Amino acid sequence: MEKDMTVGNPTKMILNFTIPLFIGNVFQQLYNMADTIIVGKFVGANALAAVGSTGTIMFLIIGFLQGMTAGFTVPTAQKFGAGDMGSMRKTVGNAAILSFIVAVAMTLVSMLGMRWLLTFMNTPEDIIDGSYSYIFVIFLGIPATYMYNLLSGIMRSLGDSKTPLYLLIFSSILNIILDLLSIIVLKMGVAGAAWATVIAQAISGFCCLGVIWKKFPILHVQREEWQPDKLCILNLCNMGIPMGLQYSITAIGSVIIQAAVNSLGSAAVASVAAAVKINMFLCCPYDAMGSTMATYAGQNVGAGKFDRLKQGEKSCTLLGLVYGIAAFIFILLFGKYLALLFVDASEEVIISQARLFLLCNSAFYFPLALVNIFRFTIQGMGFSRLAILAGVCEMIGRTVVAFVFVPIFGYPAVCFASPVAWILADCFLVPAFFFCVRSLEKRAALEDRQAVLEDKQEDKN
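Computed from a predicted model, the values in this text were never measured in an experiment.

1. Here's the deal with the overall build of the protein chain
Within the protein chain, the secondary structure is distributed over 17 helices and zero strands. Taking 23 Å as the expected radius of gyration for a compact globule of 461 residues, we find that the protein chain reaches 22 Å, a close match to that expectation. In terms of principal-axis extent, the alpha carbons of the protein chain reach across some 85 × 45 × 35 Å. Burial statistics for the protein chain: of 461 residues in total, 56% are counted as buried. As displayed, the protein chain has an accessible area near 19,400 Å², and 69% of this comes from carbon and sulfur atoms. Within the protein chain, one finds 30 positive and 27 negative side-chain charges whose respective centroids are separated by 3 Å.

Dropping the structure here:
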C-alpha cells in the first residue's frame, strides 16, 4: 500500500524503501542475464556476442522509454505528497494516454532503423544476423515494456516498493522458464530468448494493472479524469522528455563505446557482454537508491519539507560508499570466477578480459553511487532538465575514450570508459543538487511572503 515518506527518520525510511527495490533490481538483472547466460552456454560464444552487442542499442531506446515513464511518475509523487488525490489521478490518466502514443511511435521507428544502426556500429559480420534477430523482437515488445515500467513506477511513487517486487520476481522466474523452453527445447536461438523476455514482460504488465485495480482505489481514474488536460500534459512532458533524453544521451556515449569494442573483434564483444551483465547485477543497489531518492524527493518537495532532502541525500550517500567498498573487495576476490557463468573455462581470453573490466569499474563504484543518488534526487525535485546535462557529461567522457584512447590502448581503455563518464557527471550533479535546493527554498520563502502580504491586505479591507 501507499507510504508517506515525508515523516519519520530519513535513513530508516530510505533503507526500508531501498531494500525491496534492490531485491527487485536483482531479479530484473536475473531477468536480463538469463538470456545471456542461457544463450552463451547452450548456443555458443558468437551467440553471446550477438546478444551482448545489442545492449547499448537497447539502452538507447528502452532507456528513453524508462526515463520518460520515470518522469511521468514524478508529478504523481508530488501530488500524493501534497494530498491532492484528484490531480494525482488526472496525472495518471494523462500519463497513460501519452505512454500509449509514444510506445507505438517508438516501436515503429526502432524496428525500421535497427539494421542500419547495427551496420553503422561496425557489428562483426559473424554476429550481425543474430544481433538483428534478437533486437527486432525486443523492440516489437516495446508497448509491453512501457506498460510494465509505467504501472510499477506509479505504485512506487505512492511509496509501495514491495508490490512491484513481487510482480518482478514472478516475471523473472517466468522469463527463465521461457528461455529454457525456447532455446533448449524449441531450438529458437537468440530470437527465442527475445520472445521469452517480451512475453514475460507483457504478462507482468497486465498483472500490474490487475493489482492496481484491486489494491489501489485512490488510483481508480474517473471518466472526467481521463480527459486530456493541456497543463497536465505539458507538466508530464516537462518531466518525462528531459529524463528520457538524459537516458538516451548517456546511451549515445555507450553506443559509441560499443562501436569501438566491435572494432576489436568478437572476443572483445563477448568479454564486454559478460562483464557488463555482471556489472549491472552488482550495481543493483545503486539503481535502487536512485529510484528511492526520486520518490523521497518528489514527496518531500510536494510537502514543502526541503530540510529532509539534504538529510536524505547524506544518508543515501553514506550507504552508497559502504556498498562500493564491499563490492570492490568482492570483485577482487571472486571476479575471475564470475565470467564462467557465461562461457566455458576454455574461453580464457574472454574470462581474463571480463575480470579486468569488472576490476576497473568496481574501483569507481562510489562515483557511480553519486551519479544515481544525486541525479534521481534532482529529477524527483522537479528539475529534470538538469539531468540532461549530466547525460551530456557521461556521453563526452565515453566518446573521448572511444575516439582517443581505445585506438591507442585497445581493450584496457574500454574498461575505464564508464569511470571517466561517472566522474565527469558528478562534477556537474553535486553542485546542481545544492543549487536546486536553494532554488526551492527561495521559491517557498517568496510564496510565504506573498501569502503574508495578501493576509495583511485582507485584514485592511
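2. Describing the environment of I154
By secondary structure assignment, the location of I154 is in helix α6 (residues 142-157). The spacing of I154 and I249 is 95 residues in sequence and 24 Å in space, taken between C-alpha atoms. Setting aside its immediate chain neighbours within four residues, I154 contacts T73, V92 and L219.

3. A few points about the side chain of D426
Note that D426 resides in helix α17 (residues 417-460). Within the buried set, D426 has no salt-bridge partner at all; the shortest N-O distance to an opposite charge, 8.5 Å, is to R375. Other than its neighbours up to four places away in sequence, D426 contacts P367, L370, V371 and P431.

4. Regarding the environment of F330
Within the element layout of this structure, F330 appears in helix α12 (residues 307-338). A residue is classified by how much of its surface remains accessible, and F330, at 34% relative accessible area, is partly exposed. C-alpha of F330 to C-alpha of L282: the two residues are 48 residues apart in sequence and 9.9 Å apart in space.

5. A short note on the packing of aromatic side chains
Within the structure shown, the criterion is met by seven aromatic pairs. A centroid spacing of 5.4 Å and a plane angle of 85 degrees characterise the contact between Y286 and Y323, whose relative ring orientation is edge-to-face. Taken as a pair, Y286 in helix α11 (residues 284-303) and Y323 in helix α12 lie far apart in primary sequence, 37 residues in all. For Y286, a relative accessible area of 0% puts it in the buried group. Exposure remark for Y323: the relative accessible area of 22% places this residue in the partly exposed category. Ring centres of F405 and F409 lie 6.3 Å apart, and the angle between their planes is 20 degrees; on these two criteria the pair is classed as stacked. With a gap of four residues between them, F405 and F409 both fall in helix α15 (residues 384-409), about one helical turn apart. Since its relative accessible area comes to 36%, F405 is described here as partly exposed. Residue F409 is classed as exposed on the basis of its relative accessible area of 54%. Through pairs of rings, three or more aromatic residues link up here, namely Y286, Y323 and Y365. The ring of Y132 carries the charged tip of R115 above its face, separated from the ring centre by 5.1 Å.

6. What to know about helix α7 (residues 162-185)
Between its first and last C-alpha, α7 extends 34 Å over 24 residues, near the 34 Å set by a 1.5 Å rise per residue. Positive backbone phi, approximately 55 degrees, marks K187, located one or two places after α7.

7. A few points about the pattern of salt bridges
Oppositely charged side chains may form a pair once their charged atoms are brought near each other. All chains considered together, the criterion is met by four salt bridges. The shortest N-O distance in the salt bridge between R375 and E394 comes to 2.9 Å. One end of the pair, R375, is in helix α14 (residues 365-380); the other, E394, is in helix α15, with 19 residues separating them in the sequence. Residue R375 shares its accessibility class with E394, and that shared class is buried. Through salt bridges that share partners, R375, E394 and R398 make up one connected network.

8. Examining a nonpolar patch on the surface
Where nonpolar side chains cluster on the molecular surface, the patch consists of L318, L321, V322, I325, I329, F330, L332, L333, F334, Y337 and L340 and spans about 1,000 Å² of accessible area. For L321, the position within the fold is in helix α12.

9. Side note on the nonpolar core
Y365, I378 and M381 are the most contacted members of the largest nonpolar core, which has 69 residues in total. With 10 residues, the top contributor of residues to this core is α17. Grouped together as the second largest cluster of nonpolar side chains are 57 residues, I38, V51, L150 and C208 included.

10. Some words on α11
Given a rise of 1.5 Å per residue, 20 residues ought to cover 28 Å, and the 29 Å separating the end C-alpha atoms of α11 matches this to within 8%. When you tally the buried positions in α11, you get 16 out of 20 residues, the bulk of the element. Following α11 by one or two positions, G304 has its phi on the positive side, about 75 degrees.

11. A look at the packing of helix α4 (residues 85-120) against helix α9 (residues 230-262)
Two quantities define a packed helix pair, namely the angle between the helix axes and the distance between the axes. Contact geometry for α4 and α9: axes closest at 10 Å, N-to-C directions at 70 degrees. In terms of orientation, α4 and α9 fall into the roughly perpendicular class. For α4 against α9, the interelement crossing comes out right-handed. Listed contacts from α9 to K90, T91, N94, A95 and L98 of α4 are C232, I233, L236 and C237. Looking at side-chain class alone, the contact of α4 with α9 contains six nonpolar, two polar and one charged residues.

Criteria and thresholds
- Residues numbered from 1 in each chain as written.
- Predicted model: local features only at pLDDT ≥ 70, side-chain atom pairs only at ≥ 80, totals over all residues.
- Heavy atoms only, no water.
- Helix = DSSP H or I, 4+ residues; strand = E, 2+ residues; numbered from the N terminus.
- Rg over C-alpha atoms; globule rule 2.2 N^0.38 Å.
- Buried < 20%, exposed > 50% of the residue type's maximum accessible area, 1.4 Å probe, protein only.
- Areas by Shrake-Rupley, 256 points an atom, 1.4 Å probe, with all protein chains shown as cover.
- Lys, Arg positive; Asp, Glu negative; His and termini not counted.
- Charge placed at Lys NZ, Arg CZ, Asp CG, Glu CD.
- Contact = heavy atoms within 4.5 Å.
- Salt bridge = Lys/Arg side-chain N within 4 Å of Asp/Glu carboxyl O.
- Phe/Tyr/Trp six-rings, centres within 6.5 Å; stacked < 30°, edge-to-face > 60°.
- Lys NZ or Arg CZ within 6 Å of the ring centre and 35° of its normal.
- Expected span 1.5 Å × (residues − 1).
- Patch = residues over 30% accessible without salt bridge, like charges linked within 9 Å, V, L, I, M, F, W, Y side chains within 5 Å.
- Core = buried A, V, L, I, M, F, W, Y, C linked by side-chain atoms within 4.5 Å.
- Axes fitted to C-alpha atoms, helices over the stretch in contact; angles between N-to-C directions.
- Parallel < 35°, antiparallel > 145°, perpendicular 65-115°, else oblique.
- Left-handed = near helix turned anticlockwise from the far one by under 90°.
- Nonpolar A, V, L, I, M, F, W, Y, C, P; charged D, E, K, R; others polar.

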